[in-house]
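Topology and contacts: notes
Each chain, letter by letter, is given below.
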Amino acid sequence: MKRNKNDGKMISKIEVPVHNDFEGKITIFRIEYLVDELKVVGFIIRPKSDTKLPVLIYNRGGNCEYGKLDDERLYRLSKYALEGYVVLASQYRGNDGGEGKDAFGGDDVRDVFALSWLGDELPYADKDNKVMIGHSRGGMMTYLSIKKGIDIKAAAVIGAPTNLLRRPLAFPMESVLAELVGDFTEKRSEYCDRSALLWPDKIKTPILIQHGDADLRVNYEDAEELVELLRKNNSEHKFILYKDGDHALNNYGKDRDREIFDWFSLYIND
C-alpha cells in the first residue's frame, strides 16, 4: 500500500492512568496519528522494559462507536502487552473523536497500515517482528491488511467474517453494512473486496483462525470453507473450532490467548 507523506505521523500522545492490577507494569498512551491527513485515534500499550519488543497490532471489532476500545478492552490489551509486546491499536477513522468516516474495510484499512508505520518509528519497538490480531470486524481488517501486503510475520483472527455475500446476515449487520458500505446490489464489488473467501490466494501470511460453533454473529462454516481453500493452496495456517464457543470465545479465553501467543512464537525472531 502506498504511503502518503504524513501517514503514521503521531501528532499527540497522552498517558492514560492505569487503575488496575497492571499498575506499575505497563504504560498506556492515547494517541492521535495522521492517515490521509485525517486525525485518527489509537493507543499504545507497552510493558515496562528496557529492551526492544516485538509489535502486536490489534484490530478491534464492531463499527463506529460500537465495540470501540474502552477500559475493558484496554485491560485485555494490557494482558497482551505483558506477553512481551508493544501493542498498537486503532479506533479507526471517524470514531472516538477522530476525523473522517468509518468505512468498514474500505479506506480505513489504511489506518491499520499507518499504525504499523508509526510503530516503525518507536525506539522501543522491534519493527522487524510484527504480528497482528483481529476480532470479528477486526479479523476482516486483518485479512484485508494481509491482502494489501502489510509487513507482519504472522496473524490470528477470532470470529472473523470471511463472506459478506452470505444472506441473511446476523442482525444488525444488514443495516450496518448498508450504511457503511452501501446498497448490496449497487456496491456488490465492495462486498466482494471485503470477503476473504473470494481471494484465498492473497492470504500469504501464516494465520491462526479461531471460531466458535455457537457464534451467533458470524457463521463458522464460512471459516471452514476458507480453511479448506487455504489447505488446497498450501497456505500456512491453523484452524481451531471451539465447541459451544461464542463470538469472542470468551468461554475459552485462556485457551484462545495461549494458542495465539504460541502461534506467534513460531514466527518471532529472537
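Up top is the structure.
Now for a description of the structure that goes with this document. Just so it is clear, the structure is predicted and the values come from calculations on it, not from any experiment. (Residues numbered from 1 in each chain as written. Predicted model: local features only at pLDDT ≥ 70, side-chain atom pairs only at ≥ 80, totals over all residues. Heavy atoms only, no water.)

Once that is clear, we can look at the packing of helix α2 (residues 109-120) against helix α3 (residues 137-147). Running from amino to carboxyl end, α2 crosses α3 at an angle of 70°, the nearest separation of the two axes being 9 Å. By the angle between their axes, α2 is roughly perpendicular relative to α3. Contact residues: Val109, Val112 and Phe113 in α2; Met141, Leu144 and Ser145 in α3. Of the residues that constitute the contact of α2 with α3, the class distribution is five nonpolar, one polar and no charged. (Axes fitted to C-alpha atoms, helices over the stretch in contact; angles between N-to-C directions. Helix = DSSP H or I, 4+ residues; strand = E, 2+ residues; numbered from the N terminus. Parallel < 35°, antiparallel > 145°, perpendicular 65-115°, else oblique. Contact = heavy atoms within 4.5 Å. Nonpolar A, V, L, I, M, F, W, Y, C, P; charged D, E, K, R; others polar.)

So, about helix α4 (residues 173-180). Turning to α4, its buried residues are Val176, Leu177 and Leu180. Projected down its long axis, α4 shows its buried positions confined to an angular sector of 95°, all on one face. Its buried side turned inward, α4 meets α5 (188-193). (Buried < 20%, exposed > 50% of the residue type's maximum accessible area, 1.4 Å probe, protein only. Arc of directions from axis to C-beta.)

What follows covers unusual backbone geometry. Outside of glycine, negative phi angles account for most residues, and trans bonds account for most peptide bonds. Phi at Asp244 is positive, roughly 65°, even though this residue is not glycine. For Asp244, the location among the structural elements is in the loop between β9 (237-242) and α7 (253-265). We classify Asp244 as partly exposed; its relative accessible area is 49%. Phi at Leu249 is positive, roughly 60°, even though this residue is not glycine. Assignment of secondary structure puts Leu249 in the loop between β9 and α7.

Considering only enclosed or pocket space, the largest pocket measures out at about 860 Å³ in volume. As for the largest pocket, its lining consists of 38 residues, of which Gly62, His135, Ser136, Arg217 and His247 are closest to the centre. Within the residue set of the lining of the largest pocket, elements represented by two or more residues are α1 (71-81), α3, α4 and α7. Among the elements that make up the lining of the largest pocket, the one with the highest residue count is α1 (five residues). Along the lines of polarity and charge, the residues of the lining of the largest pocket split into 16 nonpolar, 12 polar and 10 charged. (1 Å grid on protein atoms, 1.4 Å probe; cavity = no way out; pocket = protein on both sides within 12 Å on 5 of 7 lines; lining within 4 Å. Points joined across faces, edges and corners; volume = space filled by probe spheres on them.)

Okay, the pattern of salt bridges next. Evaluated as defined, the whole model comprises 19 salt bridges. With a shortest N-O distance of 2.5 Å, Glu228 and Arg231 are connected by a salt bridge. You can see Glu228 and its partner Arg231 sitting in helix α6 (residues 220-232), three residues apart, about one turn around the helix. Of the residues examined, Arg231 reaches a relative accessible area of 47% and is grouped as partly exposed. Across the pair Arg256 and Asp257 runs a salt bridge, and its minimum N-O distance is 2.8 Å. (Salt bridge = Lys/Arg side-chain N within 4 Å of Asp/Glu carboxyl O.)

This brings us to the nonpolar core. Counting residues in hydrophobic clusters, the biggest one holds 52 residues, and the most contacted among them are Ile44, Tyr143, Ile203, Ile207 and Ile209. Looking at which element gives the most residues to this core, the answer is α2, with seven residues. If we ignore the near neighbours within four places in the chain, the residues touching Ile209 are Tyr143, Val157, Ala223, Leu226, Val227, Leu230, Lys238, Phe239 and Ile240. Counting 31 residues, the second-largest nonpolar core is a separate cluster that includes Phe22, Tyr80, Ala154 and Trp263. (Core = buried A, V, L, I, M, F, W, Y, C linked by side-chain atoms within 4.5 Å.)

The next thing to look at is a negative patch on the surface. Together, Asp213, Glu221, Glu224, Glu225 and Asp244 line one region of the surface with negative charge. In this structure, Glu225 sits in helix α6. (Patch = residues over 30% accessible without salt bridge, like charges linked within 9 Å, V, L, I, M, F, W, Y side chains within 5 Å. Areas by Shrake-Rupley, 256 points an atom, 1.4 Å probe, with all protein chains shown as cover. Lys, Arg positive; Asp, Glu negative; His and termini not counted. Charge placed at Lys NZ, Arg CZ, Asp CG, Glu CD.)

Right, let's talk about the sheet that holds strand β7 (residues 154-158) for a bit. The strand order across the open sheet built from nine strands is β1-β2-β3-β5-β4-β6-β7-β8-β9, with neighbouring strands paired in mixed fashion. Strands with a single pairing partner mark the edges of an open sheet, and in this sheet they are β1 (10-16) and β9. With direction set aside, neighbouring strand axes in the sheet form an average angle of 20°. Examined bridge by bridge, strand β2 (residues 26-35) and strand β3 (residues 38-47) share 10 bridges and lie antiparallel to one another. (Pairing = 2+ DSSP bridges.)

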